[in-house]
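Commentary on secondary and tertiary structure
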Amino acid sequence: MEENKEVVKEEKVSKRENRKIHHLEEELKKAKLEAEEWKNKYYMAYANLQNEKKMYEKEHLDMIKYRAAGFVEDLMPALDSFHVALQIKPDDQKMQNFLIGFEYIYKNILSVLENEGITKLEPSLHAKFDSSYMHAIDSEESDEEPNTVIKVLSVGYKLKDRIIKPAMVIVARKKEVKEEKKEESNSSSEN
């Protein structure tokens, strides 16, 4: 009988132990799932942080690269005025001397801007219109090939690889054929 009691005790103990083991195994499964979830969250947060860091570095490099853009945009009216003034060719010797001085100052300013990565965009006359750095203000009838530059109103400027201000140009368009011949033939047939 004592043996039976011991067997029963062992069964009770083993049932309790089995329940405990089962309970502990369930808790271990939950802990492993929770650890896996936190591990995934960590990797996601780490990846997001790395992406933010790369984006910040790119923005910072762009900011450094294009730091002069605002300054140059503010300088544009003065540069345009220099360009227009230098197009005038006066007859008076005194005015020609002033013009030489203005040209010297203008070239010095352009040199400083070039050191900052700014280049002047000056299309040549009779060049094909290029919308990537030119802005056509108007078109005029001309014997030139259509869409060629016939007048440069103001030069453009580019900072590194960005257009700050496009060159302002007037382009050629085909001359319109007048209908005078038709009118003449109509009037002569009426008579």
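The structure reproduced in this document is the subject of the present report. Remember, it's a predicted structure, so these values are computed and weren't measured experimentally. (Residues numbered from 1 in each chain as written. Predicted model: local features only at pLDDT ≥ 70, side-chain atom pairs only at ≥ 80, totals over all residues. Heavy atoms only, no water.)

**A closer look at the side chain of S154**
The criterion, for reference: To qualify as a helix, a DSSP run of H or I must reach at least 4 residues; to qualify as a strand, a run of E must reach at least 2; elements of each kind are numbered from the N terminus. Per-residue accessibility, obtained with a 1.4 Å probe over protein chains only, is compared with the maximum for each type, and a residue is labelled buried under 20%, exposed over 50%, and partly exposed between these values. What qualifies as a polar contact is a pair of N or O atoms within 3.5 Å, subject to a donor-acceptor requirement within protein and to the restriction that residues adjacent in sequence count only when both atoms come from side chains. Contact criterion: two residues are considered in contact whenever any of their non-hydrogen atoms come within 4.5 Å of each other.
Mapped onto the elements, S154 comes out in strand 3 (residues 149–154). A relative accessible area of 9% means that S154 is categorised as buried. Among the polar contacts listed, one links the side chain of S154 to the side chain of K165, at a separation of 2.9 Å. When residues no more than four places from it in sequence are discounted, the contact partners of S154 are D80, H83, K165, A167 and M168.

**Structural notes on the packing of aromatic side chains**
Defined as follows: Pairing of aromatic rings covers Phe, Tyr and the six-membered ring of Trp, with a centre-to-centre limit of 6.5 Å; geometry is then stacked below 30 degrees between planes, edge-to-face above 60, and tilted otherwise. Criterion for a charge above a ring: Lys NZ or Arg CZ within 6 Å of the ring centre, and within 35 degrees of the ring normal.
Across all of its chains, the model carries 4 aromatic pairs by this definition. Consider the rings of Y42 and Y43, whose centres lie 5.5 Å apart with planes at 55°: the pair is tilted. Here Y43 falls in the partly exposed class, since its relative accessible area comes to 48%. One aromatic cluster in this structure is built from Y42, Y43 and Y46. The ring of W38 is capped by K41, whose NZ or CZ atom sits 4.8 Å from the centre of that ring. Across from the ring centre of Y66, 3.7 Å away, lies the NZ or CZ of R162, which sits over that ring.

**Structural notes on unusual backbone geometry**
Not every positive phi belongs to a glycine, and N147 is a case in point at roughly 65°. Mapped onto the fold, N147 is located in the loop between strand 2 (134–141) and strand 3.

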